[in-house]
Each structure stands twice: as C-alpha cells, then as structure tokens.
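The lines below spell out each chain.
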Number of protein chains: 2
Amino acid sequence: MVESYEQEQPIDQLQQLNDALDSGMFVHVRMMLNEMPPSDVAHLLESSPPRARNLLWKLVNVEREGDILNYLNDEIRNHFVDQMAPEHLAQALEGLEVDDLADILGELPESVYLEVMASMSEQDRHRVEAALIFPEDTAGGLMNLDTITVRPKVTVDVVSRYLRMKGLPDTTDSIYVVDTHDRLLGAVSLASLITSRQEVLVEELLNDNVETILATMPANEVAQIFERRDLLSAPVVDEEGRLLGRITIDDVVDVIREEAEHSLMSMAGLDEADDTFAPVWSSARRRAIWLGINLLTVLVAAQVIGIFESTIQVVTALAILQPIVPSMGGVAGTQTLTLVIRGISLGHVVAGNSRWLIMKELGVSVINGILWAVAVGTLTYFWFQDLPQAPMLAISIGGAMVVNLIVGVFAGATLPMILRKFNMDPALSGGVILTTITDVVGFFTLLGFATLFFV
Amino acid sequence: MVESYEQEQPIDQLQQLNDALDSGMFVHVRMMLNEMPPSDVAHLLESSPPRARNLLWKLVNVEREGDILNYLNDEIRNHFVDQMAPEHLAQALEGLEVDDLADILGELPESVYLEVMASMSEQDRHRVEAALIFPEDTAGGLMNLDTITVRPKVTVDVVSRYLRMKGLPDTTDSIYVVDTHDRLLGAVSLASLITSRQEVLVEELLNDNVETILATMPANEVAQIFERRDLLSAPVVDEEGRLLGRITIDDVVDVIREEAEHSLMSMAGLDEADDTFAPVWSSARRRAIWLGINLLTVLVAAQVIGIFESTIQVVTALAILQPIVPSMGGVAGTQTLTLVIRGISLGHVVAGNSRWLIMKELGVSVINGILWAVAVGTLTYFWFQDLPQAPMLAISIGGAMVVNLIVGVFAGATLPMILRKFNMDPALSGGVILTTITDVVGFFTLLGFATLFFV
C-alpha cells in the first residue's frame, strides 16, 4: 500500500534523532540514519548545530556518503570533504552522476583533487575531466553525460529492445537522435515511443524543434529557458551541433532556488551558500567584515553632519528631525532597487526598456516626494510651532525630502543597471552603496537648507 | 535541423517589436507575435511599458490569449482579464489545463466568474468546480486532473494499446495503478513500460513506494518534497487514499520561484506579484503606503531623540555620532533576520533547533558588539579629543553599540519565529519592525548613557 507523505516526518525524526544522540544510543541513530533517503539525511545535517552534525555524519555508512554530500549545501559539504582522506572520498563519490561529481571535485584544492582522481576508476576519471572543462555555472557544468542516442533509421521495436538491454537513466523523458558525426537531429519522447507501433521508424517520431542548449550558456539563462518552456530536460550541444549531454529539471531547480536566494542574501551582505548553523566564531568573523564596511559608510554620513555642527548648535530641533529624511530616502530607494534587481534576474529589465523604467520610477519618486514633503513639513511646523524657526524648519525638511526621495530612487534604479554593465552582481548595490547615498544626501540637504536659512 | 537556442532572441524581438510598433507596422507585429511561443509573448508583455503592452495584447490572436494569460504574472493577467467580456474570456480559456484555469477563474469577482462559467462547456465547468474546492496554495490547487490510470492485472501490451488510443498528456512520466475504489496502489514509470516485455503484468512493474501527496498539503511543502526527492511528478490523493490528480514539476517550479521572490520583495514592502512596469500612478499609490508606515516608525525614533534635546544642546557632538549606533544595529539585525527567514522557508529552522540558533546569533552579536564598541569608542575619543567630554562620549557610544547589536540580533532572530507562530508571514518583520527597534534602542542608549554622564 502507498502511504501518504507526512511533512512532519523529518522534523519528528530530527527530534527523535537528537534525543537518541543525547542518550548515546548511537546504534539506534545509525540505523535510523541509514534508512532515510540521502536527501533527508542532508536536510537533517543542514538543520543541526555543529556538534550534533559532526556526530551524525560519523554514523552515516560510507557507501551513502557520496549521495548525501551531493545534496548538502556548499559550505557544509566542503567542511566534511576537507576532513576526508582522498581514498575515502574517492570511494564515497563512486556512482555519483558526473555533473554532481564534477561540482564536488571542482572545489577541492589541487593536491587533494589529484589524489582523489588517482583513486578513481579510469572511466570515471575521464568523465570528470570532460565535465570539468565547463565552468560550474554554465550549461556544460550542469549537464549530465548519460544521454541515450539512436540513429534515425531504426524502428521503435529495435529501440525498445535496445533500451530493455541497456536500461534508462533516472529522469529520462526523451532519447536523442544523432547522425554519424554525433550531430543532434532531434529528440524522441518516451511518450511517443510508447504510443507508436513497433514497426515505425524513429525518424517519423522525431521532434526536430527541440529546445537545444549551447554548452557555454550561463546557468541562469538555462533556468529561464526551462521555466519559460516548461521543459523536463534539454540536450546540450557544442558549437558544431554535436550532442554533449543533457540537462534535467532537477538540476535547474537548484539553480532557480540558489539564484532567487542570492538576491535576498546579497542585499544583507550574506552568501546563499552560508550555513544557518555555522559555529559562532566563523559567523562572527564573516559578519564583522560587513559591519566594518557599514561603519565606514556611516562615518561618512557622520562627517556630513559634522560640517553643520554650528547650525545644530543654534537649532537643536534639527538633531531630532535628522533621522527622518535619510530613512524615507532609504526606503524609497530600496523599493526601487529591489524591483529592478528582481526585474534583471527575471530578464524583464533589458537595455530597451530601462530608460522607460528609470523615468517611471522618477515619476513615482516626484509624486511621493511632494506628498511626504507636505506631510512632514506640516507636521514639523506644528511640532515646533513654539520656535521662531518653525516655518523655516518645515521648508527645510520638505525640500530635503523631495530631493532625497528623487536621488534615492534614481540611485536604486540605476545602480544595479550600472553594476550589471560592468559584469558585477547587481544585488551588491543593495547592502551598502544605496543607503550611503541616501544618508549623505539626506543629512546634507536637511542641514544644508537649514544653514541657508539660519546662519 | 535543430537550431540552438539563442538567449538574445527575446530581447532582439522586443527591440524589433518596439520598432515595428513605433512605425505603426501592426500587421507585421501581429505576425511576429503569433509565431512566438505563448511563454515568450507573456515575457514580452511583462517586459513592456503599459502603452506598448496594451497595444501588443490587442494584436494577439484570440485563440492564443488563454495560453498567454496562463504564463503572465498575476497583476498583469488581472489587468487584461478585467477588460475582457465574459464570453470572450470563456472562449480564450478553452483548452487550458484545469489547474491553470482554476487559478485564473478563482481570482475573478463573483459575478464575472458566474458569467464565464455559464459560457463554458459542461465538462469544463465540472472540472473547474472540482479544482476550485482546494485553495490555490495547496497541493489540490496545484494539481492537474489528467492522470492516466490502469488496473494492476493488465499486461504492458494492453496498456500500450490503451495509451496509443488515448494519447498521453504533456509531461507525463508515470501512469497510476488504482483499485476498483480508485485508491492508489502505486505508479508505473514510462521508462519501465518501455523496458518491459509486452506480456508482463502491470502489477509486476508497480512502484508502491511512490511519494504521494495529500490534497490539503500547503504548496511550499509540496515544493520542498519535489526538491528533496528530485521528483518530476507526484500523485495527489484524498484522506482515503483515492487518486485525485497529479502535480508536475513545472507547476512546482513556479511555486519555488514565487516563494523565493516573496522574501526579497516583502522585506522591501513589495509583493512578488508586483508588475515592474506598472503605470506611475498605481506604483506611486502603493509605495506611498509603505513610506507612510515608515514615516510613523521614524517619528517614534525622532521622539526618542526629542527626550534628550537638552543633552544634545550641551554636547552637539552627539548629533554627529547619532546615526552610527542605529545603523550598525540595523545591519547586524538584518543579517540575522535574513538568515532566519531563509532558514524557515527552507525548513531548516524548526522548533527543536531555534533555541540553539538564537543563542548562537546572540554569541555572534556579543563578539561583534564588543569588537565594534572598542573600534568606534576609540575613534570617537580621537575625533573629539579637543572636547573635555571625549572619554565619556567614547564610553557612551561603545556601551550603546554593545546593547544595540545584541538587541538588534535578538529581534532579528526571534521576530520571524514569533510571526510564524501566529501564522503570519515571517518576511514582514524585515521591512519596518526591526529597524524601528534598532533605531529606537540605538538613539535611546547613546543619548541615555550620555545624559547620565553629562546632565
């Protein structure tokens, strides 16, 4: 009987495993671990603090280590791989698909890589070398070499007997038809093989309009094509149209997930490969760098305030109003920035429409700038109406609001486009550059206008 | 011959189409549009400013509108659907898969929905009603009804003839085996059908360990199962184990994409369904709300500064130092918050390990708090060394730094967990609540410490 999957399962298991670990029932834990699918073990390891994680890893059977490593996030995987002896690693990785194998081996230091390769079978070695020709973030790096190829002039019956003998790799939904020079002629889906009579020739079933991917295409473009075309798999070819391998949707799903996470994490100065349960010291070290960069930028903002110290001395109300304008500019700019970063990563924002988009965002910022300038100006006037400077304070903060919202939004729209032009990561602009601009401009305009009026 | 896919294609087409639109060559544009796959047309529409978008939409052939609507993002789709007469819409939607149909119809106002349903064939009406029983964000809402079912005691030969007659729906990789009560017994993959002899019974090929999904399971859990198990499709059953439909990976990819985008967009007060190229006024209105909320929170922070106005009057250097502590607290808190939000959405952060995670993040914040307190304290001392208050300023800012980093990180770690406990969206905490806390605490501690020393 089929049992329905319960989501609670891994969480319950986590609790059970932790209890068992705490009471030292290692035999029991080992049994539980080795009954779980490798992807669930990987998920458990990713959800465990370092001590429990290392204990659990020691209890995994050697022959399952490769599969589990394959499902682990990069940071945790590298942590375990670093501790393994090269022969041990070579043994663990046996039987992995070549694209996954190449991902893991590609990250090793030269000397370890050579040792592991030396411990592998000659066939695997050749396959890994072939896969490592292409960078990890290209179609060639994503592809698998386990394509099934046939010639156009054979019958369905022959193909069926061939497949019965050879077996089909996981997640195969199509076989490929090639000419004598290995050039791809098209694909035949399993569905069409099943629904055809045995005597039909393969070439009659051939779909020659199949989405074909160049090995050098960047991974994120591959993901966009899979998403847009609802593909399950696609053949990968070289410049001459020769079939090199195939990409399957499960590898693309990982790309989509990582890419989407990347923007979120980068904007906070984190990396999508970061381990949530990393030890305190290694987290602290990484975060310190980002805090240090932020400190430098906020010191610039403080310097700007310093220029106007004498104005503040005359009107201390300015110190109270000080945070408002930078905050509003930062929020407006971040909204635009987030929208543009998403638009770029989805392929919506391109050279042809970016001018329109910038103009539209500027339009939005002018409307909101005026709206909130009036609101904040009025509020300021009544807040400080006992002061003789109240009208001038209201005008200063209102003027600063309009300027800073426009500047913030302009920076939010153009920064990611500029970074992309220089082949840099658009999401990088989110964390620090934008708020530096809105802070500096916010303080400068508020205090600058006030100085014009009061000094 | 197979041509390799060029990524430039849609972008070039966008340019070409825009040029053709500008020169009024509508016949040419119509021809180009109707030769492109529907997903590319949807992508073009999503990448076009409103005026061009509306023009392009008018040039699409009616019979392709349904397919294109299906690929469009929610906001743009609703915009077009709102303009269509109910009979027109019913005609356009003919032939869509039932899960997609239900998504579109489920968003319509009651009266339009009834009119569209009345214009549809009886069969489609029943299918839509069946699909709409389940909310859009559950397995039932994702599933399709086009399963192929067979009985266990038939031969592969019979199944093949049956499939030849009936045809196979798109992205079918398995057929399902059910008993006389429609209860799912298991799945048979197309691969195993092809690689078996004709006389073999289906029950011999049966995989009864297939991942089965309850119709009420939330969509994000479905996505996690697909990701973790590398599934292409999965059967959906009711509480009694009866087969209701199947979910395919292409629908899950959309869930993964939307879910990952959701955190990014929510943290900036945006929605993942927001249209990048929305008209100025509608964008301005939506952004204004978020800016208004932000203004309220920053006014709270300003009030806090107001409490200490007399202290600032004595030591204006405080106005200069004022932005540093809130900024550092905000950055540290946002890093923790982002990490925890990602951890929750990946299913890594659960009840059993959240205590450990909070303690670890607090550890990180203590280390960084002390480090940057010393750094900023020293800096402040030398910056203002001409003032008699320099040592006390340094101590005030250092103390405030430690407190605010700890508070910010604690808030960043616990806020999303608390929101989730109340079934609210964890990402909501990112935009406003966290920075309000770090601003208020930052200003209060800096100015509060200073007041203790100087007044």
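Residues numbered from 1 in each chain as written. Chains lettered and ligands numbered in written order. Predicted model: local features only at pLDDT ≥ 70, side-chain atom pairs only at ≥ 80, totals over all residues. Heavy atoms only, no water.

A.B. asks: I'm lost on the packing of helix α21 (residues 351–383) of chain A against helix α22 (residues 390–421) of chain A in this one. Help?
C.D. replies: Any two packed helices are characterised by the angle at which their axes cross and by the distance between the axes. All names here are of chain A. With their axes 8 Å apart at the nearest point, α21 and α22 run at an angle of 160 degrees to one another. Judged on the interaxial angle alone, α22 and α21 are roughly antiparallel. The element α21 and its partner α22 pack so that their crossing is right-handed. When its residues are assigned to classes, the contact of α21 with α22 shows 22 nonpolar, 8 polar and 1 charged. (Axes fitted to C-alpha atoms, helices over the stretch in contact; angles between N-to-C directions. Helix = DSSP H or I, 4+ residues; strand = E, 2+ residues; numbered from the N terminus. Parallel < 35°, antiparallel > 145°, perpendicular 65-115°, else oblique. Left-handed = near helix turned anticlockwise from the far one by under 90°. Nonpolar A, V, L, I, M, F, W, Y, C, P; charged D, E, K, R; others polar.)

A.B. asks: Got a minute to help me understand α22 of chain A in this structure?
C.D. replies: Residues and elements named next belong to chain A. Here α22 is 32 residues long and its end C-alpha atoms lie 46 Å apart, about the 46 Å a rise of 1.5 Å per residue gives. When the local axis directions of α22 are compared, the greatest deviation, roughly 30 degrees, occurs at T414, which is followed within four positions by the proline P416. In the stretch just after α22, N423 is the one whose phi turns positive, near 55 degrees. (Expected span 1.5 Å × (residues − 1). Bend = angle between axes of the 7 residues up to and from the residue.)

A.B. asks: Teacher, can you tell me more about the sheet that holds strand β5 (residues 233–237) of chain B here?
C.D. replies: Consider a sheet: its strands pair through backbone hydrogen bonds, and that pairing is either parallel or antiparallel. Residue and element names in this part refer to chain B. Here we have 3 strands laid out as an open sheet, ordered β4-β5-β6, and mixed in their pairing. The sheet is open, and its two edges are formed by β4 (213–214) and β6 (243–248), each paired on a single side. With 5 bridges connecting them, β5 and β6 associate as antiparallel partners. Opposite V236, over in β6, you have G245 as the bridge partner. Its contacts with the sheet place helix α15 (residues 219–229) against β4, β5 and β6, and it is angled at close to 65 degrees to β6. (Pairing = 2+ DSSP bridges. Contact = heavy atoms within 4.5 Å.)

A.B. asks: Any chance you could explain the interface of chain B and chain A here in plain terms?
C.D. replies: Quite often, the size of an interface is put as the accessible area lost when its parts meet. With 129 residues of chain B in contact, the opposing surface of chain A contributes 128 residues. Buried area between chain B and chain A, both sides added, is near 12,500 Å², and the carbon and sulfur share of it is 66%. Here chain B and chain A share 10 salt bridges between them. In this assembly, chain B and chain A are joined by 45 residue pairs in polar contact (both at pLDDT 80 or more). The greatest single-element share of the side of chain B that touches chain A, amounting to 17 residues, is contributed by helix α17 (residues 280–307) of chain B. For the side of chain B that touches chain A, the residue count by class is 69 nonpolar, 37 polar and 23 charged. (Buried area = accessible area lost by both parts, 1.4 Å probe. Salt bridge = Lys/Arg side-chain N within 4 Å of Asp/Glu carboxyl O. Polar contact = N/O pair within 3.5 Å; in protein donor to acceptor, adjacent residues only side chain to side chain.)

A.B. asks: So what exactly am I meant to see when it comes to helix α12 (residues 156–166) of chain A here?
C.D. replies: Along an α-helix, residues three or four apart share an orientation, since each turn contains 3.6 residues. V156, V159, S160 and L163 of chain A are the residues of α12 of chain A that are buried. Summarising the axial view, the buried residues of α12 of chain A lie within an arc of 100 degrees, below the 170-degree limit, and thus occupy one face. Those residues of α12 of chain A hidden inside the fold are in contact with β1 (149–150), β2 (174–178), α13 (190–194) and α14 (202–205) of chain A together with α13 (190–194) of chain B. (Buried < 20%, exposed > 50% of the residue type's maximum accessible area, 1.4 Å probe, protein only. Arc of directions from axis to C-beta.)

A.B. asks: Which parts of the structure should I look at to understand unusual backbone geometry?
C.D. replies: Glycine aside, negative phi is the norm for most residues, and most peptide bonds take the trans geometry. One non-glycine residue, N423 of chain A, adopts positive backbone phi at about 55 degrees. Locating N423 of chain A in the fold gives a position in the loop between α22 and α23 (428–431). Even without being glycine, D230 of chain B reaches a positive phi, approximately 50 degrees. For D230 of chain B, a relative accessible area of 23% corresponds to the partly exposed category.

A.B. asks: For this particular structure, what's the right way to read the UniProt feature "transmembrane region" (unreviewed entry) in chain A?
C.D. replies: All names here are of chain A. The UniProt entry lists residues 288–308, 320–341, 362–384, 390–419 and 431–454 under the feature "transmembrane region" (unreviewed entry), expressed in the numbering used here. Each end of residues 288–308 is marked by a C-alpha atom, and these two atoms are 31 Å apart; helix forms 95% of the span and strand 0%. The span residues 320–341 carries 91% helix and 0% strand; its end-to-end C-alpha distance comes to 34 Å. (UniProt positions renumbered as here; feature names shortened; annotations may be inferred.)

A.B. asks: Would you explain the pairing of strand β3 (residues 184–189) of chain A in this entry?
C.D. replies: Regular strands show a simple pattern: their side chains alternate between the two faces of the sheet. All names here are of chain A. Taking burial as the measure, the 6 residues of β3 include 5 buried ones, the bulk of the element. Inspection of the sheet shows β2 paired to β3 by 5 bridges, in the antiparallel sense. Residue S174 lies in a different strand from β3, and its bridge partner there is S189. The turn joining β2 and β3, which pair antiparallel and follow one another in sequence, is formed by 5 residues; a positive phi near 70 degrees is taken by D182.

A.B. asks: Could you clarify how one ought to interpret the nonpolar core in this entry?
C.D. replies: Grouped burial of nonpolar side chains is what soluble globular proteins tend to show. Residues I324 of chain A together with I324 of chain B are the most contacted members of the largest nonpolar core, which totals 79 residues. By size, the runner-up hydrophobic cluster in this structure holds 44 residues, among which are L231 and V252 of chain A together with I213 and I256 of chain B. (Core = buried A, V, L, I, M, F, W, Y, C linked by side-chain atoms within 4.5 Å.)

A.B. asks: I would appreciate a short explanation of the UniProt feature "domain: CBS" (unreviewed entry) in chain A in the present structure.
C.D. replies: UniProt records the feature "domain: CBS" (unreviewed entry) for residues 206–264 of chain A in the present numbering. Along residues 206–264 of chain A one finds 46% helix and 22% strand; the C-alpha atoms at either end are 43 Å apart.

A.B. asks: What should I look at first to understand the layout of surface pockets in this one?
C.D. replies: Which parts of space are left empty comes out when a probe the size of a water molecule is rolled across the atoms. Each pocket or cavity is described by its volume, and for the second largest pocket that value is around 350 Å³. Looking at the second largest pocket, it is lined by 15 residues, and the ones nearest its centre are N18, D22, P49, R51 and A52 of chain A. For the lining of the second largest pocket, the secondary-structure elements that each account for two or more residues are α1 (8–22) and α4 (50–58) of chain A together with α21 (351–383) of chain B. Looking at the lining of the second largest pocket, its residues break down into 6 nonpolar, 5 polar and 4 charged. (1 Å grid on protein atoms, 1.4 Å probe; cavity = no way out; pocket = protein on both sides within 12 Å on 5 of 7 lines; lining within 4 Å. Points joined across faces, edges and corners; volume = space filled by probe spheres on them.)

A.B. asks: So what exactly am I meant to see when it comes to the environment of D100 of chain B here?
C.D. replies: Residue and element names in this part refer to chain B. Summarising the element assignment, D100 is placed in helix α8 (residues 98–106). Residue D100 is classed as buried on the basis of its relative accessible area of 11%. When neighbours within four sequence positions are excluded, D100 is seen to be in contact with N70 and D251. Of the polar contacts made by the side chain of D100, one reaches the side chain of N70; its length is 3.2 Å.

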